[in-house]
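Here is how the chains run, residue by residue.
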Amino acid sequence: MKFTIAPLLLSSVFASPDSKAAKRAKAKFPKANAAKSGYGMCMSTSSMSMSVGPEPPVTPAPTTAPTEFIQFIDEGQSCCGECWCIPDESTDGLCPDRTTAFPQLYPLDMVYNFGNKTLVDPDTFNVVTSNNLYELECNPFEGVSANTNPPWAAYQGCNLNPPQLFDDTSATGYDDAVCAFLYPDYEETGNCDTYTYKTYPSKQEAEDDGAVITHTKQCGVCSNAQDLAVFLAYPDLTAAGIACSLKPTLNGKINCYQGVGFTYACAQIWARDTQHSSQLGVCLGCNPGAPPYGPPPTCALGSCVACDNEKSGPTFNAYSGRTRRRSGIWSALARTCSSIERITQKTCPNQIIPDDPICEAQQNCAANIDPVPNPFVCN
C-alpha cells in the first residue's frame, strides 16, 4: 500500500492559490512538489475486508478522501486568548514559551515517511499487511450510556486482539506506560523503513531498549505509523468528523474514516466514538453550532466538545492508544498546557528534530515573500 497525499482541488469553498492561506501552506511545506502540495491533505488508502461483529463486511474505502475534509490551519482557533494552550496549575496560570514546550507541527516529508513505513510483527518479523498490530472485534461502548462515566466501563468484556498490556485504565503502572517504535534494521544498516511497536512499562525502559517513544500510555489501535501520519497531516479533523458522523450506518462511518487515511481498526474506534456521541443519544442535548470553547482565561469547552470528552473520550483514549496530546502533536483545538506531552516524533532514532521543524524545513524563515505567522503565536 502506498500512502499518499493528493493535491487539493481548489474550489470556492477553499482558499485560492494566491490567497494568504495558500501562501502560508506553501511556505510551511516548501519541500512538497506538485504531487505533494501543501494545499491538500487528502489521504489515499486501501481498506481491509473485515466485518464488525455481526454487521456486514465493510466495503472498500474511496481511494482519495473527499475534499470537504480539507481545512487550512487556522492559527487563531487553537489559541486561548493569546496563548497556544490553556494555562493551568502546571504553568502557574501563565502561558509557557513555545520553545520549551510542545506541541509540534511537522513537514510533509515526515508525514510521507511515517505513512509509508512497513510494519512487521515484533515476534516473527513478518510483514503486517493491515498496518496495525491490533484488531478491534467488539464494541467498547457497549453498556456505556449518557449516565455512565466511561473510564471504569472500558475493557468490560471488550479487549483488543492481542490484548493490551493493561486491561484497566486505573491499574497501577498505566499512567507510566509508553508506546514506542522499534526499527529492527537500524543497528545493522541504519535503515528505518521497517518498524514495529510495543508498550513499555516506562519511558526509561523504552529508551534503554533503543525504542523511539511515540506517545504516552499503552499502545492501541491508532498507535501505528500510518495513523500517526494522518494525525500529523490533519491538524484539524473536525470537518472529517462531521462528514463521517452523517453517514447513516456504522460501516459507512468506518469507510469514511478509512477514506481520511486511518487503518481499519483505528477507523473503527473513531466511528464507534462518533456513533456513541451523535446517534445513541449521549450528546443530543448539546449545541453543535456553538463555539468549541469559550473566552479566556478558562476557555471552557463548548457543550458538544465537553460531552464527547466526558462520555466518549475516555473509552476512545483507552482503545486508540494515540491521541494528539499524548503524542505531543499540535491540535486545532486549545487544550490545557499540562495535558500536552513533551514528545518529539522521529522517523528514525538518529533523526535530529529542531525546536521548530517547519522553520528548519524552510531553510530561512525570515526570507518568506509572504511572512508566515508562527502557528503557535496567537493574535
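Quantities reported herein were computed from a predicted structural model and do not represent experimental measurements.

## Observations regarding the overall build of the chain
And then number 1: Across its full length, the chain holds 12 helices and 6 strands.
And then number 2: A burial count over the chain gives 54% of its 379 residues as buried.
And then number 3: Sequence separation of at least 24 residues holds for 74% of the intrachain contacts in the chain that already meet a minimum separation of 6.

## Structural notes on the pattern of salt bridges
And then number 1: Within this structure, the stated rule accounts for 2 salt bridges.
And then number 2: Where Lys-217 meets Asp-175, a salt bridge forms, and the shortest distance between an N and an O atom there is 3.9 Å. Of this pair, Lys-217 sits in the loop between strand E6 (212-216) and helix H5 (225-233) while Asp-175 sits in the loop between strand E3 (118-119) and strand E4 (178-182), and the two are 42 residues apart along the sequence.
And then number 3: Exposure remark for Asp-175: the relative accessible area of 55% places this residue in the exposed category.
And then number 4: With its nearest N and O atoms 3.6 Å apart, the salt bridge here joins Lys-311 to Glu-310.
And then number 5: A relative accessible area of 14% places Lys-311 in the buried class.

## With respect to helix H7 (residues 250-260)
And then number 1: With 11 of 11 residues buried, H7 is to be regarded as a mostly interior element.
And then number 2: Within the span of H7, buried status applies to Leu-250, Asn-251, Gly-252, Lys-253, Ile-254, Asn-255, Cys-256, Tyr-257, Gln-258, Gly-259 and Val-260.
And then number 3: Just past H7, the residue Gly-261 takes up positive phi, approximately 130°.

## A look at the state of the cysteines
And then number 1: Applying the stated criterion across every chain yields a total of 8 disulfides.
And then number 2: For Cys-85, the disulfide goes to Cys-337, at an S-S distance of 1.9 Å. Judged by the sign of its S-S torsion, about 85°, the bond between Cys-85 and Cys-337 is right-handed. You can see Cys-85 sitting in the loop between strand E2 (42-44) and helix H2 (108-115) and its partner Cys-337 sitting in the loop between helix H11 (324-327) and helix H12 (357-361), a full 252 residues away along the chain.
And then number 3: Across the disulfide from Cys-138 sits Cys-158; the S-S distance is 2.0 Å. The disulfide joining Cys-138 to Cys-158 has a torsion of about 90° about its S-S bond and is therefore right-handed. Linking Cys-138 in the loop between E3 and E4 with Cys-158 in the loop between E3 and E4, this pair joins segments that are 20 residues apart in sequence. Cys-158 shares its class with Cys-138; the two are buried.

## As for H2
And then number 1: Counting buried positions along H2 yields 6 of 8 residues, so the element is predominantly enclosed.
And then number 2: All buried positions along H2 are accounted for by Leu-108, Met-110, Val-111, Tyr-112, Phe-114 and Gly-115.

## A few points about unusual backbone geometry
And then number 1: A cis amide bond links Asn-161 to the next residue, Pro-162, at an omega of 0°.
And then number 2: Mapping Pro-162 onto the fold places it in the loop between E3 and E4.
And then number 3: Residue Pro-297 follows Pro-296 across a cis peptide bond; omega there is 10°.
And then number 4: With phi around 55°, Asp-92 is a residue other than glycine that occupies positive phi space.

## A short note on the packing of aromatic side chains
And then number 1: For the structure on display, the rule yields 12 aromatic pairs.
And then number 2: Ring plane angle 20° and centroid distance 6.1 Å describe the contact between Tyr-195 and Tyr-197, whose orientation is recorded as stacked.
And then number 3: The interplanar angle of 20° and the centroid separation of 5.3 Å between the aromatic rings of Phe-262 and Trp-270 together place this pair among those described as stacked. Take Phe-262 and Trp-270: they sit in the same class, and that class is buried.
And then number 4: Every member of this aromatic cluster is reached through a ring pair, and the members are Phe-114, Tyr-134, Phe-181, Tyr-195 and Tyr-197.

## Quick word on a negative patch on the surface
And then number 1: On the surface, Asp-185, Glu-187, Glu-188 and Asp-193 cluster together into a patch of negative charge.
And then number 2: The residue Asp-193 is located in the loop between helix H3 (186-189) and strand E5 (194-200) in this model.

The rules behind the values
- Residues numbered from 1 in each chain as written.
- Predicted model: local features only at pLDDT ≥ 70, side-chain atom pairs only at ≥ 80, totals over all residues.
- Heavy atoms only, no water.
- Helix = DSSP H or I, 4+ residues; strand = E, 2+ residues; numbered from the N terminus.
- Buried < 20%, exposed > 50% of the residue type's maximum accessible area, 1.4 Å probe, protein only.
- Contact = heavy atoms within 4.5 Å.
- Salt bridge = Lys/Arg side-chain N within 4 Å of Asp/Glu carboxyl O.
- Disulfide = S-S within 2.5 Å.
- Phe/Tyr/Trp six-rings, centres within 6.5 Å; stacked < 30°, edge-to-face > 60°.
- Patch = residues over 30% accessible without salt bridge, like charges linked within 9 Å, V, L, I, M, F, W, Y side chains within 5 Å.
- Areas by Shrake-Rupley, 256 points an atom, 1.4 Å probe, with all protein chains shown as cover.
- Lys, Arg positive; Asp, Glu negative; His and termini not counted.
- Charge placed at Lys NZ, Arg CZ, Asp CG, Glu CD.

Keep in mind these values describe shape, not function.
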